[in-house]
Amino acid sequence: MIKKIKNLFIQPKLYLSEITGVLLLILAIYFIKSQGDELKNVNTYMREGNAFWITVGILLSAGYIILQALMYQSSFKATQLKISLWDCIVLFLKRNLISIFLPGGSITSLAFFTKDIQKEAQEENRTRIHFASTIYGFTGIVSIIILAIPVLIYLAMSGESWQNANNAAAILVFFIILIIYLLTSYFKKGWVFRLVDRFVPQINTEFRAFPGFKKQFVYVNIYALLIDVVGVVHLYIAMLAMGHDASWKVSLIGYVVATLLLVISPFLRGVGAIEFSLTMILKHYGYTTSEALAITLIYRLFEFWIPVMAGIASFVLRKGNMVLRVIPAFLLFGLGMINIISVLTPSLGYRVRLLRSFLTADTIHASNYLVFIAGLLLVITSAFLIRGLKNAWRFAILLCCLSLIGNLTKAIDYEESILALAVIFVLWFTRKQYYIRSDKRLQTVGVGTSLLILAGITVYGITGFYFLDKKHFGIDFNLGDSIEHTLLNFILMDIDSLNPLTRFAAAFLDTIRISGIFSLGFILYSLLKPYFISVKHSEEDFLRAKGLIEEYGCSPVDYFKTYVDKLLYFGRRRNGLIAYKMANSFAIVLEEPVCQTVEDKVVLIEEFEEFCIECGLRPAYYRVEESSLGLFEAMGKKSLIIGQEAIVDLEKFSLEGKDKKSMRNGLNSLQKKGLKTKVYHAPVKDGVLQKLKYVSDDWLKSTQREEIVFTQGMFSWEELKNQTIITVENEDEKIFGFLNIIPNYAPGEATYDLIRKIEEAPGGVNDALIVALIEYCKGQNFRYLNLGLAPLSGIDHARDLPEKTLKFAYEKLQQFRHYRGLRDFKEKFQPIWHNKYLIYEHHYDLISLPKALNKVMKP
């Protein structure tokens, strides 16, 4: 019903607004081009703006945001939902920001971010939230209509003709008729009332009957009108800030027309359209084009850009948001490009003349090169910063400081310096995101090598310049000139002063400069290259790990924690073990620590996290139990369901019943073909192992797969020789399929590792192997059988975007059909399903974690 209510607003609006919005954007572009000469004065007007009134306008923008939040809060109270004012502020800022990018964003954005304020995952709460959002959106439109009616009547009676006002009036009449019709139908219990009663009966019963509904609805309308008053005041203050005669009449007319365009704007919240229309209105009342546009831009700063920037901050400041990793690198890249563009474009003449009264021409020239080189290095460093490197963060801070100083000393470009200062603040705020260390040994080598190259080139350059004939450069270099030009060319700051007259001279300069580029590049690489630790374990370490698993093991995959592919971390303060592998700067832990108590587990994880920070690694935990999620969430970790583990209750399993008929038929078919199951106990003979090797190789070839490890084993002659093997074979002892039973440290539970068959094996071989395993486990007095993980399955209700993506891939993409087949195979044995999770630090990690996981799975 909520969607239908929204569509009543959205659909008529889009048909009319798409054409209007495009035409207004085209007019805005034409306007800017045709008034290009006069618009050059806008910058001057903006700089001369009254700082007091601009400050007042910014403070009023904060009040505007609070009023929007109060309007939200009263809308929620009308539906008996108690939402804090802060949550309402964040909700408004987020919806306001996303509305820029949505068609009909003022209305469609109301469907977003309901989860952020939803206390319980119940349909009733979702309905309340959507209905409250509808009240908010509906009242916002009604308030501007109420304010617009007298304004448009005045314009019509005063004889002032406005094409935009006429268009707005036509749309306004349409909305008035639509709203009156809907309200009349609802209150007279017409089709709207019946439609609401059918889909959302709470609106007609619980919500409408709520004693405080009318009171809160009145508050919503009061706040909506106050928001419009603030908009008018903002435009009035913009006029005062520009030092012009302010007019309440013009402010009211301009605000109404601009806001009506905002309501019907199909995209980008009226960007371009409002600037054009409001500028034309102000021009009509006597302002020049540059004055009108300056007032409009200040007004849009108050009403649009400040809430938008606050919305961006609401995303950036949220703990764990991947924007915390992306935004600094993006800003660094942008600052680098701005530095480069700033050097390549002419500076403002009056600033340069002012600067020359304090600094020499050589200093200004050197500052230009400094800013240019800093820009290039900023662009390069941004690529390393996004990977979380500590040295990249330090280098970025240094380059930003150089940019701040360099832009001031090259042409008093304080705009670029302010941007550099802002980037420094952002980098400082996000400093904890960067902890991956660089390789100190490589740094020593890099700096040492570069110093040697510098020393050699210095001798080479000084000697060359000093003894070169005058014909090569037209200059007779003395010793001081030789030293200066050698060093400046080495660091690429002497590009224009020397003009080589011969090929030899050009080659001579290129040699020095190429050596400098190589040295600087090598230093940068050595400073930023991540450090990867090298861990080696002795036989005693693995024996100790096996002892801990024998004592504290409780998982079916504990057996694989002592495989030779694993790295081992032993607790310092508590007796325990963590098994992990490193890949792409991640330390991926298999399940959880092996230890005695939950308290020990917490201590071990904290120790391991400290170890990862020291080594520049990002920890992730693969295949974690659902019961442990609270432990990791308390540490600020994030979780992602990766599949479900199938556990068969052996006491309840039976081949009887209609649902097992196809399995019984398959087993009977195998018996008729002379195939039977057989159990081989350790030590398994080499002849049998040879046959198993053939089956394994054929399975890998026919399925086009490769051996994987980490959460399972691979075919190992030595391992299988000492395990119990179940096979399906014929009377000639030809093996068609097999599985191997491995130790399971979960109490009363058995499991297997490999289950493989040859390509020519008849259907039902894997079923026969599992049934034989079940009978074997019953004979060994096991209560449960663990069938292993069914990847990506079990995501019935996706919690967030990553889980929605996995759910879509599992259900819709053909590439993941084998996971669905694996789930169907295990489902035949009627198991109990247990969720398994991937634990990680940051949403940004999900970009590179899949590649790291794929790497650790390989032998």
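Residues numbered from 1 in each chain as written. Predicted model: local features only at pLDDT ≥ 70, side-chain atom pairs only at ≥ 80, totals over all residues. Heavy atoms only, no water.

**So, helix H17 (residues 361-385)**
Here is the rule we go by: Secondary structure counts use DSSP, requiring at least four H or I residues in a row for a helix and at least two E residues in a row for a strand, with both numbered from the N terminus. Expected helix span is taken as 1.5 Å per residue step, with the number of steps being one fewer than the number of residues. Exposure classes here rest on a 1.4 Å probe applied to the protein chains alone. A residue is buried below 20% of its type maximum, exposed above 50%, and partly exposed in between.
When the terminal C-alpha atoms of H17 are compared, their 35 Å separation across 25 residues agrees well with the 36 Å that a helix rising 1.5 Å per residue should span. Restricting attention to buried positions, one finds in H17 the residues Ile364, Ser367, Asn368, Tyr369, Val371, Ala374, Gly375, Leu378, Thr381, Ser382, Phe384 and Leu385.

**Describing helix H5 (residues 85-98)**
Taking 1.5 Å per residue as the helical rise, H5 with its 14 residues ought to reach 20 Å, and the 20 Å between its terminal C-alpha atoms agrees with that figure. For H5, a buried count of 11 out of 14 residues is recorded, marking the element as mostly surrounded by other parts of the structure. Residues Cys88, Ile89, Val90, Leu91, Phe92, Leu93, Lys94, Arg95, Asn96, Leu97 and Ile98 constitute the buried set of H5.

**Some words on the packing of helix H27 (residues 661-672) against helix H30 (residues 765-779)**
Rule in force here: Axes, fitted as lines to C-alpha atoms, cover a helix only where it is in contact. Angles between the N-to-C directions of the axes lie from 0 to 180 degrees. Put simply, angles under 35 degrees are roughly parallel, angles over 145 are roughly antiparallel, angles from 65 to 115 are roughly perpendicular, and the rest are oblique. Should any heavy atoms of two residues lie within 4.5 Å, those residues are considered in contact.
In contact at an axis separation of 9 Å, H27 and H30 are set at 100° when each is read in the N-to-C sense. Classified by the angle their axes make, H27 and H30 are roughly perpendicular. Contact residues: H27 offers Met663, Leu667 and Leu670, while H30 offers Val765, Asp767, Ala768 and Val771.

**Description of the packing of aromatic side chains**
Put simply, the rule reads: Within 6.5 Å between ring centres, the rings of Phe, Tyr and Trp (the latter by its six-membered ring) count as paired, and their orientation is classed by plane angle as stacked under 30 degrees, edge-to-face over 60, tilted in between.
Per the stated rule, a full pass over the model turns up 20 aromatic pairs. Relative to Phe92, the ring of Tyr64 has its centre 6.2 Å away and its plane inclined at 80°; by these criteria the two rings are edge-to-face. In this pair, Tyr64 is assigned in helix H4 (residues 51-78) and Phe92 in helix H5, connecting sequence segments 28 residues apart. Note on Tyr64: relative accessible area 7%, which makes it buried.

**A closer look at the pairing of strand S2 (residues 576-583)**
Stated formally: Pairs of strands are assigned from DSSP output, requiring at least two bridges between the strands.
The buried fraction of S2 is high, at 7 of 8 residues. Pairing between strand S1 (residues 567-570) and S2: 4 bridges, direction antiparallel. Bridging from a neighbouring strand, Leu568 pairs with Ala579 of S2. From the end of S1 to the start of S2, which pair antiparallel, there are 5 residues. In the sheet, S2 pairs with strand S4 (residues 594-595) via 2 bridges, with the strands oriented antiparallel. Residue pairing for S4: Leu577 is matched across the bridge by Val594. In this sheet, strand S3 (residues 586-590) lies alongside S2 in antiparallel orientation, the contact comprising 4 bridges. Within S3, the position partnered with Ala583 by the bridge is Phe586. The loop that links S2 with its antiparallel partner S3 comprises 2 residues; one of these, Asn584, has a positive phi angle of about 50°.

**Some words on the confidence of the model for the protein chain**
We apply this condition: Looking at any residue, its pLDDT shows the predictor's confidence there, from 0 to 100.
Per-residue confidence for the protein chain gives a mean pLDDT of 77; residues scoring 70 or more make up 76%. Counting contacts from residues 1-42, a segment whose pLDDT is below 50, to residues more than four positions away or on other chains yields 65 contacts. Counting interchain partners and residues more than four positions distant, the pLDDT-below-50 stretch residues 119-124 has 4 contacts.

**So, the nonpolar core**
Side chains that are nonpolar tend, in soluble globular proteins, to be buried together. Put simply, the rule reads: To form a nonpolar core, buried Ala, Val, Leu, Ile, Met, Phe, Trp, Tyr and Cys residues must be joined to one another through side-chain atoms within 4.5 Å.
In this structure, Leu692, Leu739, Ile770, Leu785 and Phe829 are the most contacted members of the largest nonpolar core, which totals 46 residues. For this core, the secondary-structure elements that each account for two or more residues are strand S6 (638-649), H27, helix H28 (686-703), strand S8 (724-729), strand S9 (735-742), strand S10 (749-757), H30 and strand S11 (784-791). No other element matches the 10 residues that H30 contributes to this core. Residue contacts for Leu692: discarding those within four places in its chain leaves Phe715, Leu720, Ile725, Thr727, Ile735 and Phe738.

**A look at the pattern of salt bridges**
Convention followed: By convention in these notes, a salt bridge is any Lys or Arg side-chain nitrogen within 4 Å of a carboxyl oxygen on Asp or Glu.
Per the counting criterion, the structure on display carries 24 salt bridges. With its nearest N and O atoms 2.7 Å apart, the salt bridge here joins Glu592 to Lys601. This pair shows no difference in class: Glu592 is buried, exactly as Lys601 is. One salt bridge in this structure joins Asp649 and Arg783, with 3.0 Å as the shortest N-O distance. Remark: Arg783 occurs in the loop between H30 and S11 and Asp649 occurs in strand S6; sequence separation between them is 134 residues. For Asp649, a relative accessible area of 8% puts it in the buried group. Each of Arg623, Glu625, Glu645 and Lys836 takes part in salt bridges that share partners, so that together they form one network.

**What to know about the side chain of Gln73**
For Gln73, the location among the structural elements is in helix H4. Apart from residues lying up to four places away in sequence, Gln73 is in contact with Ile83, Ser84, Leu85 and Cys88.

**Let's talk about the packing of helix H16 (residues 349-356) against helix H18 (residues 390-411)**
The condition that has to hold: The residue classification treats Ala, Val, Leu, Ile, Met, Phe, Trp, Tyr, Cys and Pro as nonpolar and Asp, Glu, Lys and Arg as charged. All others, Gly included, are polar.
In contact at an axis separation of 7 Å, H16 and H18 are set at 95° when each is read in the N-to-C sense. The orientation of H16 relative to H18 falls into the category roughly perpendicular. Where H16 approaches H18, its residues Arg351, Val352 and Leu355 are matched on the opposing element by Leu408, Thr409, Lys410 and Ala411. Each residue belonging to the contact of H16 with H18 can be placed in one class, and the counts come to 4 nonpolar, 1 polar and 2 charged.

**Observations concerning the pairing of S8**
Judged by how many residues are buried, S8 sits mostly within the fold: 6 of 6 residues are covered. Here S8 shows no split at all, with Thr724, Ile726 and Val728 on one side and Ile725, Thr727 and Glu729 on the other all buried. Sheet topology places strand S7 (residues 676-680) next to S8; 5 bridges connect them, and they run antiparallel. Residue pairing for S8: Lys678 is matched across the bridge by Thr727.

**Observations regarding the environment of Ser367**
With respect to the secondary-structure elements, Ser367 resides in helix H17. C-alpha of Ser367 to C-alpha of Ala411: the two residues are 44 residues apart in sequence and 8.9 Å apart in space. Beyond its immediate sequence surroundings of up to four residues, Ser367 is in contact with Gly406, Thr409 and Lys410.

**Focus on a nonpolar patch on the surface**
Basically, it comes down to this: The patches described consist of residues with a relative accessible area above 30% and no salt bridge, like charges being joined within 9 Å and nonpolar side chains (Val, Leu, Ile, Met, Phe, Trp, Tyr) within 5 Å. Surface exposure here means Shrake-Rupley accessible area, sampled with a 1.4 Å probe, where a residue is shielded only by the protein chains that are shown.
Together, Tyr466, Phe467, Leu479, Ile483 and Leu487 make up a nonpolar patch on the protein surface, roughly 500 Å² of accessible area in all. Of all elements in the fold, only helix H20 (440-467) and helix H22 (479-490) reach the threshold of two or more residues within the nonpolar patch. The greatest single-element share of the nonpolar patch, amounting to 3 residues, is contributed by H22. Structurally, Leu479 can be placed in helix H22.

**Let's talk about the state of the cysteines**
Test applied: Cysteine sulfur atoms that come within 2.5 Å of each other are treated as a disulfide pair.
In the structure shown here, the tally under the stated rule is 0 disulfides. Among the cysteines around Cys595, which has no disulfide bond, Cys554 carries the closest sulfur, lying 8.3 Å off. On the accessibility criterion, Cys595 (9% relative accessible area) is buried.

**With respect to unusual backbone geometry**
Of note, the amide linkage connecting Ala682 to Pro683 takes the cis form, showing an omega dihedral of 0°. Mapped onto the secondary structure, Pro683 falls in the loop between S7 and H28. Of note in this structure, Glu733 is not a glycine but carries a positive phi near 65°. Topologically, Glu733 is positioned in the loop between S8 and S9. The class of Glu733 is partly exposed, set by a relative accessible area of 39%.

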